[in-house]
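Spelled out from the first residue to the last, the chains are:
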Amino acid sequence: MRIENSFIPVRGVGETTERKLWQQGITRWEEFERDAVGETTGERIESFIETARARLDANDARFFDDAFPNKHQWRLYENFRNDACFFDIETTGLSQSTDEVTTVSVHQDDTTRTFVNDASPVIGESLTPEKIRATIGEAPLLVTFNGKRFDVPFLETALDIEIDGPHIDLMYPCRQLDLTGGLKRIEQTVGIDRDQPDITGRDAVRLWREYERGDADALTTLVSYNRDDTVNLRRLMDHVAETLHDDVFASVC
C-alpha cells in the first residue's frame with residue numbers, strides 16, 4: 001500500500017467510498033476521474049491529488065501524517081520506509097521524572113546505532129541531546145512500539161528536546177490485526193525470532209546497574225538486546241504493512 005493508492009485523506013471520503021473507487025479499478029491517483037463520484041467529492045479529490053503530488057515529490061511526510069486518519073497512518077510506511085527511523089529506549093524505570101534513559105538504539109537505512117548514557121561507553125556512542133535530535137528528531141518518519149506513550153515523552157523529558165515528527169506507533173496497527181501484548185509476544189506470534197535469550201525490562205535495569213558497578217559485559221548484553229528491538233521493529237512493520245494491505249484490498253479482489 002502506497003500513499004498514491006489512497007483517497008481517504010480527502011474530506012468526505014471514508015472507507016466505503018474509497019473501496020468503491022478501488023472496485024471500479026481506480027486504485028491510484030492517476031486513474032481517478034471526476035465522474036466516478038459526485039461533483040463536490042470529485043472536486044475535493046482532484047484538489048487533494050494536485051496538492052499531494054507536490055508534497056510527495058518534496059518528501060513531506062508531515063503533510064500526509066496530518067492528512068491521514070490515525071487508523072490509516074500505516075499507509076505512509078511504503079513511501080518513506082527507506083528513511084524511516086526505528087528506535088527503542090531502555091531506562092532505569094517507568095518514571096520520566098525520577099528515572100533515567102540508559103540506552104537508545106536507532107535503526108535506519110540498514111544501519112543500527114546505539115547511544116549510551118555514559119561519557120565514554122565501552123560500546124556504542126555517548127548519549128547526548130544533540131545526537132538524538134540529529135537522528136530521531138530529523139527523521140522523516142518514526143516507527144516505535146508504544147513509543148507515543150513511553151519512548152518519545154521519556155526522551156523529551158530526559159534530554160529536554162522536542163520530538164514531533166510523523167510517527168507510526170506499531171502497537172496500534174498491531175491491534176487492528178488482533179496482535180496484542182508486548183513486542184516480544186507479538187514477534188513470537190508472527191514468527192520473528194531473536195538470536196539472544198529473552199530479556200525483560202527488569203533484566204535491562206539489572207544489566208545497567210551491573211555495568212555501573214564495572215561489568216562491561218553487562219552493557220554489551222544490554223546493547224545487543226536494545227539493538228534487536230529496533231531491528232525487529234522493521235521486520236514487524238514490514239509484516240504489519242503487508243498484512244494490512246492484503247486485508248484492505250481483499251474486498252476489491
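Residues numbered from 1 in each chain as written. Predicted model: local features only at pLDDT ≥ 70, side-chain atom pairs only at ≥ 80, totals over all residues. Heavy atoms only, no water.

Quick look at the overall build of the protein chain
Reasoning step 1: The number of helices and strands found in the protein chain is ten helices and six strands.
Reasoning step 2: Burial analysis of the protein chain (253 residues in total) assigns 47% to the buried set.
Reasoning step 3: Intrachain contacts of the protein chain at a sequence separation of at least 6 include 61% that bridge at least 24 residues.
Reasoning step 4: Accessible surface, the protein chain as shown: approximately 12300 Å² in total, 41% of it carbon and sulfur.
Reasoning step 5: Here the protein chain holds 29 positive side-chain charges and 49 negative ones, and the gap between their average locations is 3 Å. (Helix = DSSP H or I, 4+ residues; strand = E, 2+ residues; numbered from the N terminus. Buried < 20%, exposed > 50% of the residue type's maximum accessible area, 1.4 Å probe, protein only. Contact = heavy atoms within 4.5 Å. Areas by Shrake-Rupley, 256 points an atom, 1.4 Å probe, with all protein chains shown as cover. Lys, Arg positive; Asp, Glu negative; His and termini not counted. Charge placed at Lys NZ, Arg CZ, Asp CG, Glu CD.)

Considering the packing of helix 8 (residues 183-190) against helix 10 (residues 216-249)
Reasoning step 1: Where helix 8 meets helix 10, the closest approach of the two axes is 11 Å, and the angle between their N-to-C directions is 50°. Between helix 8 and helix 10, the crossing angle belongs to the class labelled oblique. Here helix 8 and helix 10 pass one another in a crossing that is left-handed. Along the contact surface, helix 8 presents Leu183, Lys184, Ile186, Glu187 and Val190, while helix 10 presents Tyr225, Asp229, Asn232, Leu233, Leu236 and His239.
Reasoning step 2: The residue inventory of the contact of helix 8 with helix 10, partitioned by class, reads six nonpolar, two polar and three charged. (Axes fitted to C-alpha atoms, helices over the stretch in contact; angles between N-to-C directions. Parallel < 35°, antiparallel > 145°, perpendicular 65-115°, else oblique. Left-handed = near helix turned anticlockwise from the far one by under 90°. Nonpolar A, V, L, I, M, F, W, Y, C, P; charged D, E, K, R; others polar.)

Some remarks on the pairing of strand 3 (residues 111-116)
Reasoning step 1: Pairing analysis gives six bridges linking strand 2 (residues 101-108) to strand 3, with the strands arranged antiparallel. Residue pairing in the sheet places Gln108 in a bridge with Thr111 of strand 3.
Reasoning step 2: Here strand 2 folds back onto strand 3 in antiparallel fashion, the turn holding two residues, of which Asp109 has a positive phi close to 55°. (Pairing = 2+ DSSP bridges.)

Considering the pattern of salt bridges
Reasoning step 1: Under the counting rule described, the total for this entry stands at 18 salt bridges.
Reasoning step 2: For the salt bridge of Lys71 with Glu15, the shortest nitrogen-to-oxygen distance reads 3.2 Å. In this pair, Lys71 is assigned in the loop between helix 3 (61-67) and helix 4 (77-80) and Glu15 in helix 1 (residues 15-23), connecting sequence segments 56 residues apart.
Reasoning step 3: What makes Lys71 partly exposed here is its relative accessible area of 44%. (Salt bridge = Lys/Arg side-chain N within 4 Å of Asp/Glu carboxyl O.)

Digging into the environment of Pro69
Reasoning step 1: The topology assignment puts Pro69 in the loop between helix 3 and helix 4.
Reasoning step 2: Relative accessible area serves as the criterion here: at 33%, Pro69 is assigned to the partly exposed category.
Reasoning step 3: Between the alpha carbons of Pro69 and Ile8 there is a distance of 7.9 Å; along the sequence they are 61 residues apart.

Brief notes about the packing of aromatic side chains
Reasoning step 1: Enumeration according to the criterion identifies seven aromatic pairs in this entry.
Reasoning step 2: For the ring pair Tyr77 and Phe86, a centre distance of 6.3 Å and an interplane angle of 80° mean the geometry is edge-to-face. Neither residue differs from the other here; Tyr77 and Phe86 are each classed as buried.
Reasoning step 3: A ring pair is formed by Phe150 and Phe154, whose centres lie 5.3 Å apart and whose planes are at 55°; its orientation type is tilted. With Phe150 and Phe154 both in helix 6 (residues 147-159) and four residues apart, the pair spans about one turn of that helix. Like Phe154, Phe150 is buried. (Phe/Tyr/Trp six-rings, centres within 6.5 Å; stacked < 30°, edge-to-face > 60°.)

What about the domain arrangement of the protein chain?
Reasoning step 1: Annotation of the protein chain at the domain level lists domain 1 (3-58) and domain 2 (82-241).
Reasoning step 2: Of note, the centres of domain 1 and domain 2, computed from C-alpha atoms alone, are 36 Å apart. (Domains from an automatic or database assignment.)

Looking at the pairing of strand 2
Reasoning step 1: A large share of strand 2 lies buried, amounting to seven of its eight residues.
Reasoning step 2: One ladder, built from six bridges, connects strand 1 (residues 85-91) with strand 2; its direction is antiparallel. Residue pairing in the sheet places Ile89 in a bridge with Val104 of strand 2.

Section: the nonpolar core
Reasoning step 1: By size, the foremost hydrophobic cluster in this structure holds 45 residues, and its most contacted members are Phe7, Trp29, Ile45 and Met237.
Reasoning step 2: Elements with a contribution of two residues or more to this core: helix 1, helix 2 (39-57), helix 3, helix 4, helix 7 (171-176), helix 8 and helix 10.
Reasoning step 3: A total of seven residues in this core trace back to one element, the largest contributor, which is helix 10.
Reasoning step 4: There are two domains that each give this core at least three residues, and those are domain 1 (3-58) and domain 2 (82-241).
Reasoning step 5: Beyond its immediate sequence surroundings of up to four residues, Met237 is in contact with Trp74, Tyr77, Phe86, Val143, Ile168 and Leu170.
Reasoning step 6: Judged by nonpolar contacts, the second largest core, of 19 residues, contains Cys85, Ile89, Val152 and Leu155. (Core = buried A, V, L, I, M, F, W, Y, C linked by side-chain atoms within 4.5 Å.)

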